[in-house]
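Report on the structure
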Amino acid sequence: MRLDEFINYWFWKQHQQNAIGFLDFPITIRCTLNCRDCMQRVPLRENFDISVETLVKDLDSLFSNVAFVGEMSIMGGEPFIHNHLYELLDYIVRNYIKKIGSLVITTNGTIVPEKQVLELCRDNDIFISISDYSKTLPKITAYLERFEAIAKEVGVGNERKRWHWSEIGKFDEEYGQNDCSIEHMQLFNGKLWRCTLMAAGFYARLCDAVESIDYHILRNDNKGLHDFLDGRRPTTQCHMCRYPLEIGIDSAIQMNRS
C-alpha cells in the first residue's frame, strides 16, 4: 500500500474522515517561461490568474470533506506571478494550516516575491521548492542564485530540484501498463482530479474526462468523496504519460512566443 493510500485508509478507518496524500493546487495559468512540454500545458491554455475568491471557495469545498492533506503544492504557471498570493497564503494559514502536513510553493525561481510573502512563509514553515531548469536554460542561473540568496536572508526554507518531465503518448505500446509511483491529485475549478497531468490535459483540450473516474465534483458528500479516493484506480487517459527517468524528456525547452 502506497503512502497516499495508507493516509486515506487510516483516517477513514479511525475517524470516518477523508485524507489526501499529495495535492497540487494551481493558482495561475500565467508563467514567466514558455516551455514546450509544460506539465500543466500552460502554453496551450488561456493565461489568467485564478481569483482569490475562486481559490478560497475551492479550499473551503475541499476541507469541508477532507480532514488532512499530507503535502499541498501551490503552483502555476508561476505562482509568484499572482498578484494576491499573500492574501491566499494568509487565508490558508488562518484556516487550514493545521490540516496540511507540508505546505509547499513550487516555483521556477525567476520571480522574487515581496518580502511580506517570504516572511509569511518563514513564520509558518511554508517551504519553497525551486524547479531548476538551468541545465536547459543556463541564463536563468543568476535568477535562481538571487532567489536563493534573498530567501536565505529572510530565513525561508527552500531547495532546488531537477525534474524529468513525462512525455505525451506511446507509454502503453512501448512499456505496458502505466504504473505511476505516486498519485498527485489536483484541486481546480471545483473539482478534485485524480491526476494532475490528466487535469492539465483536459483544460488544454487534449483529452476528455469522465466524472467519478477522473475527477470528483466537490460538494457536501463525505462518503462520495471517500468512494472516489478509495483504492488505486487508473484514469481514463493513463496512456497519456510516461514517467520512468530513463525515458523522461528534457525539461523547459522553450517555444517562441506568438
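Residues numbered from 1 in each chain as written. Predicted model: local features only at pLDDT ≥ 70, side-chain atom pairs only at ≥ 80, totals over all residues. Heavy atoms only, no water.

**With respect to the nonpolar core**
- By size, the foremost hydrophobic cluster in this structure holds 66 residues, and its most contacted members are Leu59, Leu62, Met72 and Leu192.
- Non-local contacts of Leu59, meaning those with residues more than four positions away in its chain, are made with Phe25, Met72, Leu88, Tyr91, Ile92, Tyr96 and Leu187. (Core = buried A, V, L, I, M, F, W, Y, C linked by side-chain atoms within 4.5 Å. Buried < 20%, exposed > 50% of the residue type's maximum accessible area, 1.4 Å probe, protein only. Contact = heavy atoms within 4.5 Å.)

**With respect to the pairing of strand E4 (residues 127-131)**
- Counting buried residues in E4 gives four out of five residues, a clear majority hidden from the surface.
- Of the pairings in the sheet, the one linking strand E3 (residues 100-107) to E4 comprises four bridges and is parallel in character. Within E4, the position partnered with Val104 by the bridge is Phe127.
- Pairing analysis gives four bridges linking E4 to strand E5 (residues 158-161), with the strands arranged parallel. Within E5, the position partnered with Ser129 by the bridge is Glu159.
- For the crossover from E4 across helix H5 (residues 141-154) to E5, the handedness is right-handed. (Helix = DSSP H or I, 4+ residues; strand = E, 2+ residues; numbered from the N terminus. Pairing = 2+ DSSP bridges. Right-handed = clockwise from strand over helix to strand, strands pointing away.)

**Description of the environment of Gly109**
- With respect to the helices and strands, Gly109 occurs in the loop between E3 and helix H4 (115-123).
- Taking the C-alpha atoms as reference points, Gly109 and Glu78, 31 residues apart in sequence, are found 8.7 Å from one another.

**So, the packing of helix H3 (residues 85-95) against H4**
- Running from N to C, H3 and H4 cross one another at 20°; their axes reach a closest spacing of 10 Å. Compared by their axis directions, H3 and H4 come out roughly parallel. Crossing handedness for the pair H3 and H4: left-handed. Of the residues in H4, those touching H3 at Leu85, Tyr86, Leu89 and Asp90 are Gln116, Val117, Leu120 and Cys121.
- By residue class, the composition of the contact of H3 with H4 is six nonpolar, one polar and one charged. (Axes fitted to C-alpha atoms, helices over the stretch in contact; angles between N-to-C directions. Parallel < 35°, antiparallel > 145°, perpendicular 65-115°, else oblique. Left-handed = near helix turned anticlockwise from the far one by under 90°. Nonpolar A, V, L, I, M, F, W, Y, C, P; charged D, E, K, R; others polar.)

**Details of a nonpolar patch on the surface**
- A grouping of Phe6, Tyr9 and Trp10 is seen on the molecular surface, where their side chains present a nonpolar patch of about 310 Å² in accessible area.
- Relative to the assigned elements, Tyr9 resides in helix H1 (residues 3-15). (Patch = residues over 30% accessible without salt bridge, like charges linked within 9 Å, V, L, I, M, F, W, Y side chains within 5 Å. Areas by Shrake-Rupley, 256 points an atom, 1.4 Å probe, with all protein chains shown as cover. Salt bridge = Lys/Arg side-chain N within 4 Å of Asp/Glu carboxyl O.)

**Let's talk about the packing of helix H2 (residues 52-63) against H3**
- Two elements in contact, H2 and H3, have axes whose closest approach is 10 Å; the angle formed by their N-to-C orientations is 20°. Regarding the angle of H2 to H3, the classification is roughly parallel. Read as a crossing pair, H2 and H3 show a hand that is right-handed. Facing H2, whose interface residues are Val52, Leu55, Val56, Leu59 and Asp60, H3 presents Glu87, Leu88, Tyr91 and Ile92.

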